Amino acid sequence: MIGIGLGFKWFIFVVMALTAVGASIIMVTRKNPIHSALWLIVTFFSIAVLYVTLNATFIAVAQVMVYAGAVMMLVIFVIMLIHLEWGARLGHKKSFPKLIGSIITIILFLQILAGVYTYSNTGQHGIYTAQKLAEIGNTRAVGTVLYGKYAFAFEIASILLLVGIVGAVLLARKRKEQER
Amino acid sequence: MDALIPASEFRWIVPEMILTGFGLVLLIMGCLTRGPVASKISGVLCIAGSLFALIFTVKMWGMNLDIFNQLYTIDNFGTFFKSLFLAILILVALVSLRYADREEIGGGEYYALLMFGVLGMMVMTSSHHFVTIFIGLEVMSLAIYVLCGLLRSELASVEAALKYFLLGAFATGFLLYGMSMIYGSTGLIDVVDLKKYFLMKQPFSATMFIIGLGFLLVGFGFKIASVPFHMWTPDVYQGAPTSITAYMATGVKAAAFGALIRVFFTAFIPFQFGWSEIIWVLAVLTMTVGNITALVQRDVKRILAYSSIAHAGYILVAFITGDRGEASSMLYYLMAYSFMNIGAFTAVIVVQRKGDNTSDLDSFAGLGARHPFIALCMSVFLLSLAGVPPLAGFMGKFYVFSTAVKAQYYWLAIIGFLNSVVAAYYYLRVMMYMYFREPIGEAAGAVDRAPQYGLVMLICMWALLHMGIFPRTFIVMAQKAVGIFG
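How each quantity is defined
- Residues numbered from 1 in each chain as written.
- Chains lettered and ligands numbered in written order.
- Predicted model: local features only at pLDDT ≥ 70, side-chain atom pairs only at ≥ 80, totals over all residues.
- Heavy atoms only, no water.
- Helix = DSSP H or I, 4+ residues; strand = E, 2+ residues; numbered from the N terminus.
- Buried < 20%, exposed > 50% of the residue type's maximum accessible area, 1.4 Å probe, protein only.
- Contact = heavy atoms within 4.5 Å.
- Areas by Shrake-Rupley, 256 points an atom, 1.4 Å probe, with all protein chains shown as cover.
- Lys, Arg positive; Asp, Glu negative; His and termini not counted.
- Charge placed at Lys NZ, Arg CZ, Asp CG, Glu CD.
- Axes fitted to C-alpha atoms, helices over the stretch in contact; angles between N-to-C directions.
- Parallel < 35°, antiparallel > 145°, perpendicular 65-115°, else oblique.
- Buried area = accessible area lost by both parts, 1.4 Å probe.
- Salt bridge = Lys/Arg side-chain N within 4 Å of Asp/Glu carboxyl O.
- Polar contact = N/O pair within 3.5 Å; in protein donor to acceptor, adjacent residues only side chain to side chain.
- Nonpolar A, V, L, I, M, F, W, Y, C, P; charged D, E, K, R; others polar.
- Left-handed = near helix turned anticlockwise from the far one by under 90°.
- Core = buried A, V, L, I, M, F, W, Y, C linked by side-chain atoms within 4.5 Å.
- Expected span 1.5 Å × (residues − 1).
- Disulfide = S-S within 2.5 Å.
- Patch = residues over 30% accessible without salt bridge, like charges linked within 9 Å, V, L, I, M, F, W, Y side chains within 5 Å.
- pLDDT = per-residue confidence, 0-100.
- Phe/Tyr/Trp six-rings, centres within 6.5 Å; stacked < 30°, edge-to-face > 60°.
- Lys NZ or Arg CZ within 6 Å of the ring centre and 35° of its normal.

Topic: the overall build of chain B
The helix and strand inventory of chain B stands at 19 helices and 2 strands. Overall, chain B is about 70 × 55 × 40 Å in size when its C-alpha atoms are taken along their principal axes. Counting across all 486 residues of chain B, residues that qualify as buried make up 65%. Look at the contacts in chain B between residues 6 or more apart in sequence, and 81% of them connect residues 24 or more apart. Just so you have it, chain B exposes about 16600 Å², and 72% of that area is on carbon and sulfur atoms. Of the side chains in chain B, 29 bear a positive and 25 a negative charge, and the two mean positions are spaced by 5 Å.

Here it is in structure tokens:
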């Protein structure tokens, strides 16, 4: 599938993919939430690099700015604010649910692996080929699709965000009794 | 530019725009004014908006067209479900007029979230594009996560919201991953395109596609609360405010089934021999686990939660056959199921007292002597849930099981039948408490009587009797709705 000719790209892909997987495994096994958050940033960054190797530069930039930047800053803020870095230290018990969970995780992993290994390209091309993207630019292509063909989904997504904001405010608001 | 949207297409989404508009107005009202009067006005506005939307929706019956670059579809199937959601919204809002004030959760935002939730349901059932289905599902889910946790002084309610949110987010991950795997293996993201593709490329069996299909089933299975993805259901249904439980048990289930039926019956029929075996097991487990667990419950809300799991199993019985003509039985069942459950949860609300979100069987003791009308209504809903003729629940079960028999799934029909016999026990147990037990302790006090509750229960009772005795109109309607799969 991937020839020797793509040597450098291939090398970058392998390094970054391994970093992403490794960092996310470290992330879920850390006990200190701050460490988890920092490892998550590493995962986000390496995935951004993967996007670059796929020629999806716009998504790569969005990934770094939105996820690794804004979202992670908020996550760390929240951890600091409610002093999670001291609490939430769960014991290291080997319990029955954990065992079942790990078995299911392994089965799931093997399934996905089977899917990926038997993957064959359908050979279908969309309208945005690499040449065309180089011609009109990545950001423009994303914008055209998002505000053109997918405008309706975009509008509904705005309601989704509104519901999210209203919901967060509603749940975080103090009750009347507590205000007094 | 090749992808502009003609302005004339917006007239097909007038119901959605009305809901959004009213929802936004309610949000602004919620910011400006508070208090019981404002809450009442919000409720009335919500009902008025839903009625407008319902009128416009019904007018679209018979229309069949794709709009917004195939992202959205107007057809009888969608219109049927949209009308059902709006009817549910009106009934729940009517109940909330009183209930939300009693529990002090009312206000503009409460009704706005109810409306946005229905908007999400409408979007998700009337599209055959994965992107729109997914975003609709998320709008619905997000609104309901919040609504579940509104009783913030009660730990159970907060727990319900958190549990539903975390598990729901996980299930959404599965759904999305499934969609992306199907996209990855076929290059198509539209269900109708997929159907054409499979017709061309028969036989098609990419491992990645099959795994994607499995993930899709997990995602939808969570939303319809089928075993083994049902763990959240009893806790969430019990912890949420009871009006929201009614809304969730009916609206979410109908919406998830709507999307599931549309996706599978449009595109994945060629693989029916594959997925029907999996769902066969799921359906049997769902019915049996739901019914057996309900037998030992003492809380009426919990009983109804387990019964709703079992009902998802009954509907899956018809789903397995993959018989596109008989899919109408599922639609009929969902409609009947919605009215029985809204009615039953309303009766629970009447019996519950302010600030107490539990509903122990004892609080129903002696209800028949104290409040004959409420006991009568509850009995009708319970009998319908149990599937006693001439109520709609019986006709629904009859159509669903006869679909299975027609497709020669005899064992499935027999297991379903046995299950509904088991289920009769716990429904009748509640009735036994109402009519043959002496009132116990302080539960013998007054119930929360209000004309709104009476109205909702009467509407539900009328709907059940009408659908049960004259099912023809509704069956024909459901058949026209599933005509799109033909």
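From this point, the narrative continues.
What to know about the overall build of chain A
Broken down by element type, chain A carries 8 helices and 0 strands. Along the chain direction, N to C, the helices and strands of chain A fall in the order α-α-α-α-α-α-α-α. Every one of the 180 residues in chain A was classed for burial, and the buried ones make up 22%. Sequence separation of 24 or more characterises 53% of the internal contacts of chain A that already satisfy a separation of 6 or more.

Structural notes on the packing of helix α10 (residues 242-267) of chain B against helix α13 (residues 328-351) of chain B
Helix packing geometry: the angle between the two helix axes and the distance between the axes. Residue and element names in this part refer to chain B. It is at 8 Å that the axes of α10 and α13 come closest, and there the two elements cross at 170°. Compared by their axis directions, α10 and α13 come out roughly antiparallel. Residues Thr242, Ser243, Thr245, Ala246, Ala249, Thr250, Lys253, Ala254, Phe257, Ile261 and Phe265 of α10 pack against Met330, Leu331, Leu334, Tyr337, Ser338, Asn341, Ile342, Phe345, Val348 and Ile349 of α13.

Things to note about the interface of chain B and chain A
With 45 residues of chain B at the interface, the matching set in chain A holds 30 residues. Across the chain B/chain A interface, buried area totals approximately 3400 Å², and carbon plus sulfur atoms make up 75% of it. Scanning the region where chain B abuts chain A turns up 0 salt bridges. If you look at where chain B meets chain A, you find 2 residue pairs in polar contact (both at pLDDT 80 or more). Considered class by class, the residues forming the side of chain B that touches chain A number 29 nonpolar, 11 polar and 5 charged.

Side note on the packing of helix α15 (residues 372-386) of chain B against helix α18 (residues 451-469) of chain B
All names here are of chain B. It is the contact of α15 with α18, at a shortest axis distance of 10 Å, that shows an interaxial angle of 40°. Crossing of α15 over α18 shows left-handed handedness. Here Phe373, Ile374, Cys377, Val380, Phe381 and Ser384 of α15 lie close against α18, whose contacting residues are Gly454, Met457, Leu458, Cys460, Met461 and Leu464. Of the residues belonging to the contact of α15 with α18, the class tally is 10 nonpolar, 2 polar and no charged.

Describing the nonpolar core
Formed by 204 residues in total, the largest nonpolar core has its most connected members in Tyr164(B), Leu216(B), Phe264(B), Phe265(B), Phe268(B), Trp275(B) and Phe319(B). Counting residues per element, this core draws most heavily on α13(B), which supplies 18 residues. Not counting residues up to four positions away in its chain, the partners in contact with Phe264(B) are Leu213(B), Leu216(B), Leu217(B), Ile269(B), Trp275(B) and Phe319(B). Counting 8 residues, the second largest nonpolar core, distinct from the first, contains Ile34(A), Ile41(A), Phe44(A) and Ile79(A).

Details of helix α6 (residues 155-186) of chain B
For α6(B), built from 32 residues, the straight-helix expectation of 46 Å at 1.5 Å per residue is met to within 8% by its first-to-last C-alpha distance of 46 Å. Just downstream of α6(B), Gly187(B) is the residue with a positive phi angle, here 80°.

Section: the side chain of Asn76(B)
All names here are of chain B. Considering the arrangement of structural elements, one finds asparagine 76 in helix α3 (residues 76-102). Residue asparagine 76 is classed as buried on the basis of its relative accessible area of 12%. Setting aside its immediate chain neighbours within four residues, asparagine 76 contacts Trp61, Gly62, Met63, Lys480 and Ala481.

Comments concerning the environment of Val75(A)
One can find Val75(A) in helix α3 (residues 57-81). Sequence separation of Val75(A) and Ile34(A) is 41 residues, and the distance between their C-alpha atoms is 9.1 Å.

Quick notes on the environment of Leu45(B)
Residues and elements named next belong to chain B. Along the chain, the position of leucine 45 falls in helix α2 (residues 36-59). When its relative accessible area of 25% is taken as the criterion, leucine 45 is described as partly exposed. Between the C-alpha atoms of leucine 45 and methionine 395, which are 350 residues apart in sequence, the distance is 35 Å. Those residues in contact with leucine 45 that sit more than four places away from it in its chain are Phe22, Leu26 and Met29.

Here we look at the pattern of salt bridges
Residues and elements named next belong to chain B. Here the structure, examined in full by the defined rule, presents 10 salt bridges over all chains. Between aspartate 101 and lysine 40 there is a salt bridge, and its shortest N-O distance comes to 3.0 Å. Remark: lysine 40 occurs in helix α2 and aspartate 101 occurs in helix α3; sequence separation between them is 61 residues. Note that arginine 298 is salt-bridged to aspartate 360, the shortest N-O span being 3.4 Å. Taken as a pair, arginine 298 in the loop between α11 (272-295) and α12 (300-321) and aspartate 360 in the loop between α13 and α14 (367-370) lie far apart in primary sequence, 62 residues in all.

Concerning the state of the cysteines
Residue and element names in this part refer to chain B. Going through the model one piece at a time under the given rule, you end up with 0 disulfides over all chains. Of all cysteine sulfurs, the one in cysteine 460 lies closest to cysteine 46, which takes part in no disulfide; the gap is 16 Å. For the unlinked cysteine cysteine 377, the closest cysteine sulfur is that of cysteine 460, found at 9.2 Å. A residue is classified by how much of its surface remains accessible, and cysteine 377, at 0% relative accessible area, is buried.

Side note on a nonpolar patch on the surface
A cluster of nonpolar side chains, Val405(B), Tyr410(B), Trp411(B), Ile414(B), Phe417(B), Leu418(B) and Val421(B), forms an exposed patch at the surface whose accessible area comes to about 760 Å². Following the sequence through the fold, Phe417(B) ends up in helix α17 (residues 410-436).

With respect to the confidence of the model for chain B
All names here are of chain B. Residues of chain B with pLDDT of at least 70 account for 98%, and the chain-wide mean is 90. Across chain B, helix α5 (residues 130-148) holds the top mean pLDDT of 94, while α14 sits lowest at 85. Scored as a complex, the prediction yields pTM 0.92 and ipTM 0.89.

Observations concerning the packing of aromatic side chains
All names here are of chain B. The full count for this structure, using the stated rule, is 39 aromatic pairs over all chains. For the ring pair phenylalanine 198 and phenylalanine 271, a centre distance of 4.9 Å and an interplane angle of 90° mean the geometry is edge-to-face. Taken together, the residues span a long stretch of sequence, with phenylalanine 198 in helix α7 (residues 191-200) and phenylalanine 271 in the loop between α10 and α11 at a distance of 73 residues. When its relative accessible area of 0% is taken as the criterion, phenylalanine 198 is described as buried. Residue placement shows arginine 437 over the ring face of tyrosine 433; its charged tip is 4.4 Å from the ring centre.

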